[in-house]
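Overview (structure and organization)
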Amino acid sequence: MSKIKNAFGPGKAFVAFLTCGDPDLDTTEKLVLSLAAHADVIELGIPFSDPTAEGPTIQGANLRALSGGVTTDQIFELVRRIRKQTAVPLAFMTYANVVFSYGTERFIKTAAQAGMDGLILPDVPFEEKEEFAPVCRAYGLDFISLIAPTSRQRIARIAKEAEGFVYCVSSLGVTGVRSQITSDIGAMVRQVREVTDVPAAVGFGISTPAQAADMAAKADGVILGSAIVKLVERYGRDAVPHVAEFAQKIKDAVRSVS
Amino acid sequence: MKKGYYGDFGGQFVPELLMPPLLELEEAMRTIVPSPGFQNELNALLADYVGRPSPLYRCPNLSKELGFDLWLKREDLNHTGAHKINNTMGQGLLTKYMGKSVLLAETGAGQHGVATATAAALMGLDCEIFMGQEDMRRQALNVYKMRLLGARVHSVTSGTATLKDAVSETMREWTGRIADTHYVLGSVMGPHPFPTIVRDFQAVISQEIREQMLGQEGRLPDAVLACVGGGSNAIGAFYHFIGDASVRLIGCEAAGRGVDTPETAATIATGKPGIFHGMKSYFCQDQYGQIAPVYSISAGLDYPGIGPEHAQLHDTGRAQYVAITDDEAVEAFEYLSRTEGIIPAIESAHALAYARKLAPEMPRDKIIVVVVSGRGDKDCAAIARYRGEELSE
């Protein structure tokens with residue numbers, strides 16, 4: 001049974017994203033443990049040199065982490081430490097080459113043994129998932145599928161094979177804070193629900209409690225990344241209380257529509 | 001074989017947002033490109049606007065000095081001064097047929113940016129070019145030309161501020177505005193169907209070499225040499241010879257300061273298989289898959305990957321890939337200028353440099369074709385600087 005899917009529970013879920021090693025792995029560890037009190041699922045970003053789906057905020061986080069010398073092996077160590085302290089569902093979010101270059105099976109096996117529950121690769125669409133999804137299945141990791149406002153008739157095909165949750169990309173473009181989300185999220189989520197009971201969470205551009213409540217009303221959960229990373233960028237090693245306070249507000253907003 | 005793959009290489013490793021426009025492009029490639037209307041219009045443009053066929057020229061002086069028959073395929077004589085226009089005429093026209101109104105493109109040396117801006121000006125399309133800040137400095141004249149042609153040039157400051165980062169930024173831009181916009185990828189790289197589309201539009205190079213060589217010499221060449229960054233002029237020059245086992249195909253990569261230094265862009269020599277910029281291919285990267293900051297004196301070859309069809313030609317052994325250093329390329333640049341009166345692009349000089357290396361082992365009766373993919377005006381200031389001389393207008 002998928003720990004990630006279960007985390008969506010009867011109420012609406014809050015999925016939080018962090019880039020590992022921004023500003024350093026000790027801070028990431030503290031942030032994850034603090035977020036575990038508010039978020040239902042945590043996405044751990046493994047930094048990549050050229051994150052083509054990210055806007056400037058998360059690009060900056062990737063760059064800061066890599067300049068600090070963070071590696072995939074150190075991040076596996078981080079997960080082992082975190083797993084001794086919390087059972088919150090964890091998914092890696094990174095780019096195909098980070099997994100492929102490590103050796104796809106070696107990466108997924110190590111991640112599963114360290115205690116990860118899922119894998120999100122934004123540059124792997126439905127057509128290419130055979131490279132990764134069967135290996136994930138063999139080691140009990142959910143391979144998370146993404147759908148976008150342009151997916152239309154592709155949604156049913158993608159959602160039918162979804163695991164964990166369906167990541168609904170709210171808008172055109174890259175990750176980052178947006179003042180307004182204009183896509184018809186409700187219609188996307190309805191198409192998902194027609195073919196699967198896997199929950200649908202909306203990400204890209206959500207940064208305020210009001211937006212989170214609005215999106216949570218239309219879907220099963222919301223994903224916040226850039227808004228959290230901005231706090232880490234601003235407060236660095238002192239970011240933990242600021243992120244915790246923000247996460248509490250988001251969780252309250254999401255819960256208000258549950 | 002899986003759709004969009006060359007052996008193990010290729011594919012469509014892009015965000016879901018980009019899948020619909022890629023599928024739309026595949027459809028256009030199947031239905032629009034082969035149609036007589038499109039082909040007639042493209043062929044007319046290539047003849048009357050680009051100036052094709054480009055000459056295949058036997059170098060009397062170099063042949064004498066090197067001891068074999070050296071021929072140059074003169075893509076430098078195309079309108080805008082490089083092979084890039086073959087592709088932008090094709091993709092520009094395709095954009096019009098698809099009913100879109102904006103061309104986006106990345107550029108390294110600026111040749112593809114100029115060729116895209118030219119297509120946009122001719123065809124009445126808007127044009128946005130993304131170029132690394134470092135490359136804008138190295139190729140200021142091309143930046144001015146693009147603006148003159150009506151394009152907006154965006155400076156890319158992320159990463160190494162060169163071609164790789166320009167491609168990433170153009171992909172990001174495209175995900176935000178796919179409805180009215182076509183991404184004119186400049187090389188045989190990126191997600192399917194780009195490696196095939198660009199190859200098909202550049203294959204006119206080998207089609208002409210073949211016809212011209214058969215017409216003038218009554219036989220095929222013994223080897224075809226071309227420089228390789230992403231590899232579009234090379235694949236164009238190889239394509240119609242792939243089935244002819246007697247024709248050696250040699251791609252010349254940029255070794256920069258040497259393949260045993262970190263300052264290199266020689267992907268086949270120093271890279272390993274990976275997944276990046278939409279494709280599975282060879283990439284310069286570290287042990288954790290972080291893409292390496294590559295270097296070459298040539299902005300057009302300064303890219304950490306290679307097109308998937310080249311990766312397959314390398315793996316099957318059908319084509320050979322060699323690495324040429326900055327020093328060797330600069331010497332070849334000066335040598336061709338002095339000996340034959342042709343100033344080549346520094347990119348193309350990499351291919352000529354390898355032809356010189358072949359001289360000792362090559363019998364007199366052999367015919368070698370080197371593609372001069374572009375002209376060297378754009379490089380004069382940088383080469384002068386390399387030799388310790390500052391030019392001013």
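Let's shift gears to the overall build of chain A. Counting its secondary structure elements, chain A contains 12 helices and 9 strands. Of all 258 residues assigned to chain A, the portion counted as buried reaches 67%. If you take every contact in chain A between residues at least 6 apart in sequence, the share linking residues at least 24 apart comes to 73%. Here chain A has roughly 9,300 Å² of accessible surface; of this, 50% comes from carbon and sulfur atoms. The distance from the centre of the 27 positive side-chain charges to the centre of the 29 negative ones in chain A is 3 Å.

This structure, assessed with the given rule, holds 18 aromatic pairs over all chains. Taking the centre distance of 5.8 Å and the plane angle of 80° together, the rings of B:Phe276 and B:Phe283 count as edge-to-face. Aromatic ring contacts, followed pair by pair, group A:Phe8, A:Phe165, A:Tyr167 and A:Phe204 into a single cluster. The ring of A:Tyr102 carries A:Arg106 above its face, with NZ or CZ at 3.9 Å from the centroid. One cation-aromatic arrangement involves B:Arg356 over B:Tyr335; the distance from NZ or CZ to the ring centre is 3.9 Å.

What follows is about the interface of chain A and chain B. Taken together, the 40 residues of chain A in the interface contact 35 residues of chain B. Here chain A meets chain B over a buried area of about 2,900 Å², counting both sides, of which 55% is carbon and sulfur. Of all residues in chain A, A:Asp50, A:Thr52 and A:Glu128 bury the most surface against chain B, accounting for 20% of the area lost on that side. One can count 4 salt bridges joining chain A with chain B. Salt-bridge contacts for B:Lys164 lead to A:Asp50; the nearest nitrogen and oxygen are separated by 2.8 Å. The interface formed by chain A and chain B holds 21 residue pairs in polar contact (both at pLDDT 80 or more) in total. At the level of elements, α3 (56-67), α4 (72-83), α5 (96-102), β6 (145-147) and α8 (154-160) of chain A are the ones that each hand at least two residues to the side of chain A that touches chain B. Tallying contributions element by element places α5(A) first for the side of chain A that touches chain B, with 6 residues.

Another point: the nonpolar core. Ranked by size, the top nonpolar core spans 137 residues in total, and within it A:Phe92, A:Phe107 and A:Leu119 carry the most contacts. Dropping the residues within four chain positions of it, A:Leu119 is found in contact with A:Ala91, A:Phe92, A:Val99, A:Phe107, A:Ile108, A:Cys136, A:Leu141, A:Asp142, A:Phe143 and A:Ile144. Judged by nonpolar contacts, the second largest core, of 35 residues, contains B:Leu70, B:Val322, B:Ala351 and B:Leu352.

For the rest of this paragraph, the subject is the side chain of A:Arg83. All names here are of chain A. Mapped onto the elements, Arg-83 comes out in helix α4. Within polar-contact distance, the side chain of Arg-83 engages the backbone oxygen of Gly-115 at 2.8 Å. When sequence neighbours within four positions are dropped, the list of residues in contact with Arg-83 reads Lys-3, Val-88, Pro-89, Leu-90, Ala-114, Gly-115 and Asp-117.

All names here are of chain B. Applying the stated criterion across every chain, the model contains 10 cavities of 30 Å³ or more. Size it by volume and the largest cavity reaches roughly 340 Å³. Lining the largest cavity are 30 residues, with His-83, Lys-84, Gly-300, Leu-301 and Glu-347 positioned closest to its centre. The residue inventory of the lining of the largest cavity, partitioned by class, reads 9 nonpolar, 16 polar and 5 charged. Both of domain 1 (21-46 + 84-197) and domain 2 (51-81 + 199-386) provide at least three residues apiece to the lining of the largest cavity. What the second largest cavity holds in volume is close to 150 Å³.

This next bit is on the domain arrangement of chain B. Residues and elements named next belong to chain B. Here chain B is described as being made up of domain 1 (21-46 + 84-197) and domain 2 (51-81 + 199-386). One C-alpha centre belongs to domain 1, the other to domain 2; they are set 22 Å apart. On the domain 2 side, the residues contacting the 36 residues of domain 1 number 36 residues. Carbon and sulfur atoms supply 58% of the area buried between domain 1 and domain 2, which totals about 2,900 Å² over both sides. Where domain 1 packs against domain 2, one counts 0 salt bridges. Taken together, the connections running from domain 1 to domain 2 amount to 16 residue pairs in polar contact (both at pLDDT 80 or more). If you list the elements that add at least two residues to the side of domain 1 that touches domain 2, you get α2 (36-50), α4 (84-97), α5 (111-123), α6 (133-138), α8 (163-175) and α9 (194-202). Broken down by element, the side of domain 1 that touches domain 2 gets its largest block of residues, 6 residues, from α4.

As a further point, take the environment of B:Glu169. Residue position: B:Glu169 is located in helix α8. Each C-alpha atom of the pair B:Glu169 and B:Cys284 lies 19 Å from the other, and the pair is 115 residues apart in sequence. Once you skip the residues sitting within four places of it in the chain, B:Glu169 turns out to touch A:Gln59, B:Phe130, B:Val156 and B:Ser158.

Okay, α4(A) next. Turn by turn, an α-helix covers 3.6 residues, leaving residues three or four places apart pointing in a common direction. All names here are of chain A. The first and last C-alpha atoms of α4 sit 16 Å apart over 12 residues, in line with the 16 Å expected at 1.5 Å per residue. Listed in full, the buried residues belonging to α4 are Thr-72, Ile-75, Phe-76, Leu-78, Val-79, Ile-82 and Arg-83. Angular distribution of buried residues about the axis of α4 spans 155°; they occupy a single face of the element. Its buried side turned inward, α4 meets α1 (3-7), α2 (25-35), β2 (41-45), β3 (90-93), α5 and α6 (104-114).

In this section: the pairing of β2(A). In the case of a regular strand, side chains alternate between the two sheet surfaces. Residue and element names in this part refer to chain A. Burial within β2 is extensive, with 5 of its 5 residues counted as buried. The alternating pattern of β2 places Val-41, Glu-43 and Gly-45 on one face and Ile-42 and Leu-44 on the opposite face, and all of these are buried. As defined by bridge partners, strand β1 (residues 13-19) adjoins β2 across 5 bridges and the pair is classed as parallel. Of the residues in β2, the one forming a bridge with Thr-19 is Gly-45. Taking the sense of rotation as the criterion, the β-α-β connection linking β1, α2 and β2 turns out right-handed.

This part takes up the confidence of the model for chain B. Here chain B shows a mean pLDDT of 96. Residues at 70 or above account for 99%. Note on the complex model: pTM 0.97, ipTM 0.97.

Rules of the game
- The residue numbering used here restarts from 1 in each chain and proceeds along that chain's sequence as written.
- For this description, chains carry letters from A and ligands carry numbers from 1, given in the order in which they are written.
- Whole-chain, interface and lining totals are the exception, using all residues; otherwise, since this is a predicted model, local features are given only for residues with pLDDT of at least 70 and side-chain atom pairs are given and counted only at 80 or more.
- Side-chain metrics rest on all non-hydrogen atoms present in the structure, leaving aside hydrogens and water.
- In DSSP terms, a helix is any run of H or I states spanning at least four residues, a strand is any run of E spanning at least two, and both are numbered starting from the N terminus.
- Exposure is judged per residue with a 1.4 Å probe applied to protein chains only, and the accessible area is read against the type maximum: over 50% gives exposed, under 20% gives buried, and values in between give partly exposed.
- Contact between two residues is taken to exist if any of their heavy atoms lie within 4.5 Å; hydrogens are not considered.
- Here the accessible surface of atoms and residues is derived via Shrake-Rupley with a 1.4 Å probe, and residues count as covered only by protein chains that are part of the display.
- The charge count includes Lys and Arg as positive and Asp and Glu as negative, but it does not include His or the ends of the chains.
- Taken as the charge location is NZ of Lys, CZ of Arg, CG of Asp or CD of Glu.
- Working definition: rings of Phe, Tyr and Trp (its six-membered ring) pair if their centres are within 6.5 Å, and the pair is stacked with planes under 30 degrees apart, edge-to-face with planes over 60 apart, and tilted otherwise.
- In this scheme, the term charge over a ring applies when either NZ of a lysine or CZ of an arginine sits within 6 Å of the ring centre and within 35 degrees of the ring normal.
- Values labelled buried area give the accessible surface lost by two parts on being combined, using a 1.4 Å probe and summing over both.
- Here, a salt bridge means any Lys or Arg side-chain nitrogen found within 4 Å of an Asp or Glu carboxyl oxygen.
- Pairing of N or O atoms within 3.5 Å defines a polar contact, subject to two protein rules: one partner must be a possible hydrogen donor and the other a possible acceptor, and residues neighboring in sequence count only if both atoms are side-chain atoms.
- Note on terminology: a nonpolar core comprises buried Ala, Val, Leu, Ile, Met, Phe, Trp, Tyr and Cys residues joined through side-chain atoms within 4.5 Å.
- Cavity means a closed set of points on a 1 Å grid over the protein atoms alone, one where a 1.4 Å probe fits but cannot get out, pocket means an open set with protein on both sides within 12 Å along at least 5 of 7 lines, and lining means a residue has an atom within 4 Å of a point.
- Grid points are joined across faces, edges and corners, and a volume is the space filled by probe spheres set on the points.
- Here the term charged refers only to Asp, Glu, Lys and Arg, the term nonpolar to Ala, Val, Leu, Ile, Met, Phe, Trp, Tyr, Cys and Pro, and the term polar to all other amino acids, Gly among them.
- An automatic or database domain assignment provides the domain bounds reported here.
- Expected helix span is given by 1.5 Å per residue-to-residue step, counting one fewer step than there are residues.
- By construction, the arc corresponds to the directions joining the helix axis to the C-beta atoms.
- Strands are labelled as partners when DSSP assigns at least two bridges between them.
- Consider the strands pointing away from the viewer: the crossover is right-handed when the path from the first strand over the helix to the second runs clockwise.
- Every residue is assigned a pLDDT by the predictor, reflecting its confidence on a scale from 0 to 100.

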